[in-house]
Amino acid sequence: MENIKLPNKVEIKNLYESYFDTFGEILSKIEARLKKVIQIQSLPTYKSRIKSFKSYYKKILRQKPDEAAKPGTLATLTDMIGIRVICAFIEDLSVVQKILLDNFDVREVEKKGAEQSFREFGYESVHVLISIPEDCLPVEHVKPLPENLVCEIQIRTILQDAWAEVEHELVYKSDFNPFDKPLRRKLASINASLSLADTIFQEIRDYQNKLQNELGSRRNTFYEKADELTDVVNGKNTIAPSPFAFASNRNDSIDDLVLQALHEHNQGNFDRAIEIYTRIVDSNPKPPDVVLGVIYKHRGMAYFAQSDYENALSDFRSSVENDPRGFRSLYYQGIVLSITGNDSEAVGCFDRSLEIDRFQSHVYYRRSLSYYNLGDYVKAMDDINSAINLGLDDEHVKALRLKIVKKFDMN
């Protein structure tokens, strides 16, 4: 019988645990570097861990028994030290993976669970093996690091991580019977539900991003026109409506209609946008008050873009009636009133808007302009200074402040 040298568990344990402080320092430095380079919309959370000796020993006997039997040498596994990067959304996984590829020496990228069918209860995650960066090595290490030491970085969503934790307890830490079909069906069902939830979360985020982009573009257009009308030189709308791009489906949801209306609005198709906003307002059953407040506000902005100030003002007022906390609609009312020469009423709208949110630099600027038009230069100066203190310091603000200063110098 061949004389096979067996590993000495006590020696391996002592050697393995002698590296714990070193591994901990490496992990701490790599995690700090990850936090520095991974800058995404929803910042991830991190979990670091050193593989327990019990898990290490079981795996090393299974995978590298010959290396484990060599005295004084620590056989390495790819998952001895690891960091888990836990992201909010599916789309973040590929972004983080690219960041790792750009900032680390990547040895290997593996997508765990990608090969499994929907009937199985494994769950996907991305595993990236990186070399230990030079700047992440311990400041003082008496003995050399184990040969071929790497750090495993797992990239998962929150739900993928939750599944991995529970699966580890249910399957790997217990005597799970692979022939127990009812249990397998239950686990497969949970896996499918979590996968679907991840997909739905991503779809909601995609919708919100698209909505915010449309809202941002539309709001900027509104402010640009308000500034143009305020200027002495240009008081005329220069955006001409373009031909209608498409016809919306009568069965579209309110979410779909809102996006369509905002898209048409941002494209300058104001008549079309107003038509879709009106469909939402007149829908049966009517949307909740807070939704109506938003739609009236948007439609008022479309009317404003067409220089239809009467309908714009009416819609902004309807917006506030449906959503009394709508400080932006109050602000927009004030802009329309100021532009049409009703500065006293405008000040009242700006007052109410600031009562709801007192940190609106643009409202202070607009109220300062109305006070200036009314000849109340002391209040105009107070408001323009408040706008500047809140960070608004563009050319319009500087010009108005200079005009107010000149009024004081004249008196």
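For the structure, check the block above.
The text that follows walks through the structure, step by step, so that each part is easy to find.

**Concerning the overall build of the chain**
Broken down by element type, the chain carries 16 helices and 5 strands. Put simply, the chain has 411 residues, and 43% of those count as buried. Put simply, 67% of the contacts in the chain that link residues at least 6 apart link residues at least 24 apart. For the chain, the computed accessible surface area is about 22,900 Å², with 51% contributed by carbon and sulfur atoms.

**Focus on the state of the cysteines**
This structure, assessed with the given rule, holds 0 disulfides. The structure places no disulfide on Cys136, whose sulfur is separated from the nearest cysteine sulfur, that of Cys151, by 8.9 Å. Residue Cys136 is classed as buried on the basis of its relative accessible area of 1%.

**Re the sheet that holds strand S1 (residues 45–50)**
Taken together, the 5 strands give an open sheet; going across it, the order is S1-S2-S5-S4-S3, and neighbouring strands pair in mixed fashion. Single-partner strands in this sheet number two, and they are S1 and strand S3 (106–112). Recorded for the sheet is a direction-independent mean angle of 20° between the axes of neighbouring strands. Pairing of strand S4 (residues 125–131) with strand S5 (residues 150–157), which is carried by 6 bridges, proceeds in the antiparallel orientation. Bridged to Val126 within S5 is Ile155. Strands S1, strand S2 (81–87), S4 and S5 of the sheet are contacted by helix H2 (residues 20–37), whose axis makes an angle of about 165° with S1. Sitting on the sheet, helix H5 (residues 90–103) is in contact with S2, S3, S4 and S5, with an inclination near 160° to S5.

**Side note on the side chain of Asp198**
Positionally, Asp198 belongs in helix H7 (residues 181–230). Although buried, Asp198 forms no salt bridge, and the nearest oppositely charged side chain, Arg156, lies 10 Å from it. At 2.7 Å, the side chain of Asp198 forms a polar contact with the side chain of Thr157.

**Points about the pairing of S2**
Across the 7 residues that make up S2, a large majority, 7, are buried. Residues of S2 alternate between two faces, with Ile81, Ile83, Val85 and Cys87 on one and Gly82, Arg84 and Ile86 on the opposite face, all of them buried. In terms of strand pairing, S1 meets S2 through 6 bridges, oriented antiparallel. The residue bridging Ser48 from the neighbouring strand is Ile83, located in S2.

**A short note on helix H16 (residues 395–410)**
Along its 16 residues, H16 runs 23 Å from first to last C-alpha, staying within 8% of the 22 Å computed at 1.5 Å per residue. Of the positions making up H16, those classed as buried are His396, Val397, Leu400 and Ile404. One face of H16 carries all of its buried residues, which in axial projection span an arc of 100°. Seen from the buried face of H16, the exposed residues on the opposite side, beyond 90 degrees, are Glu395, Lys398, Asp409 and Met410. The N-cap of H16, judged by a side-chain oxygen 3.1 Å from the amide nitrogen of His396 a few residues on, is Asp394.

**With respect to the packing of aromatic side chains**
Two numbers describe a pair of aromatic rings. These are the distance of the centres and the angle of the planes. In total, this model carries 12 aromatic pairs according to the counting rule given. Judged by centre distance (5.6 Å) and plane angle (15°), the ring pair of Tyr19 and Phe23 falls under stacked. An identical accessibility class is assigned to Tyr19 and Phe23; each is buried. Ring geometry for Tyr331 versus Phe350: centroids 6.1 Å apart, planes at 50°, classification tilted. Note that Tyr331 is positioned in helix H12 (residues 327–339) and Phe350 in helix H13 (residues 343–356), a separation of 19 residues in sequence. With respect to class, Tyr331 is no different from Phe350; both count as buried. Joined through ring pairs, the aromatic side chains of Tyr16, Tyr19, Phe20, Phe23, Phe53, Tyr56 and Tyr57 make up one cluster. Lying across the ring of Phe104, Arg33 places its NZ or CZ 4.6 Å from the centre.

**Quick notes on H5**
In this model, H5 (14 residues) spans 21 Å end to end at C-alpha, consistent with the 20 Å of a helix rising 1.5 Å per residue. All of the buried residues along H5 are Asp92, Leu93, Val96, Gln97, Ile99 and Leu100. Projected onto a plane normal to the axis of H5, the buried residues spread over an arc of 160° and lie on a single side. Across from the buried face of H5, at angles greater than 90 degrees, the exposed residues are Lys98 and Asp102.

**So, the packing of helix H9 (residues 270–281) against helix H10 (residues 289–305)**
Here H9 crosses H10 at 160°, and the two axes come no closer than 9 Å. The angle between the axes of H9 and H10 places the two elements in the roughly antiparallel class. Judged by the sense of rotation from one axis to the other, the crossing of H9 with H10 is left-handed. Of H10, the residues touching H9 (which contributes Phe270, Ile274, Tyr277, Thr278, Ile280 and Val281) are Leu292, Ile295, Tyr296, His298, Arg299, Ala302, Tyr303 and Ala305.

**Focus on the packing of H10 against H12**
Packing of H10 against H12 leaves a shortest axis separation of 11 Å and a crossing angle of 20°. With respect to each other, H10 and H12 are oriented roughly parallel. The two elements H10 and H12 cross, and the hand of that crossing is left-handed. Residues Lys297, Met301 and Phe304 of H10 form the contact with H12, whose participating residues are Arg328, Ser329, Tyr332, Ile335, Val336 and Ile339. Looking at the contact of H10 with H12 residue by residue, the classes come out as 6 nonpolar, 1 polar and 2 charged.

What counts and how
- Residues numbered from 1 in each chain as written.
- Predicted model: local features only at pLDDT ≥ 70, side-chain atom pairs only at ≥ 80, totals over all residues.
- Heavy atoms only, no water.
- Helix = DSSP H or I, 4+ residues; strand = E, 2+ residues; numbered from the N terminus.
- Buried < 20%, exposed > 50% of the residue type's maximum accessible area, 1.4 Å probe, protein only.
- Contact = heavy atoms within 4.5 Å.
- Areas by Shrake-Rupley, 256 points an atom, 1.4 Å probe, with all protein chains shown as cover.
- Disulfide = S-S within 2.5 Å.
- Pairing = 2+ DSSP bridges.
- Axes fitted to C-alpha atoms, helices over the stretch in contact; angles between N-to-C directions.
- Lys, Arg positive; Asp, Glu negative; His and termini not counted.
- Salt bridge = Lys/Arg side-chain N within 4 Å of Asp/Glu carboxyl O.
- Polar contact = N/O pair within 3.5 Å; in protein donor to acceptor, adjacent residues only side chain to side chain.
- Expected span 1.5 Å × (residues − 1).
- Arc of directions from axis to C-beta.
- Phe/Tyr/Trp six-rings, centres within 6.5 Å; stacked < 30°, edge-to-face > 60°.
- Lys NZ or Arg CZ within 6 Å of the ring centre and 35° of its normal.
- Parallel < 35°, antiparallel > 145°, perpendicular 65-115°, else oblique.
- Left-handed = near helix turned anticlockwise from the far one by under 90°.
- Nonpolar A, V, L, I, M, F, W, Y, C, P; charged D, E, K, R; others polar.

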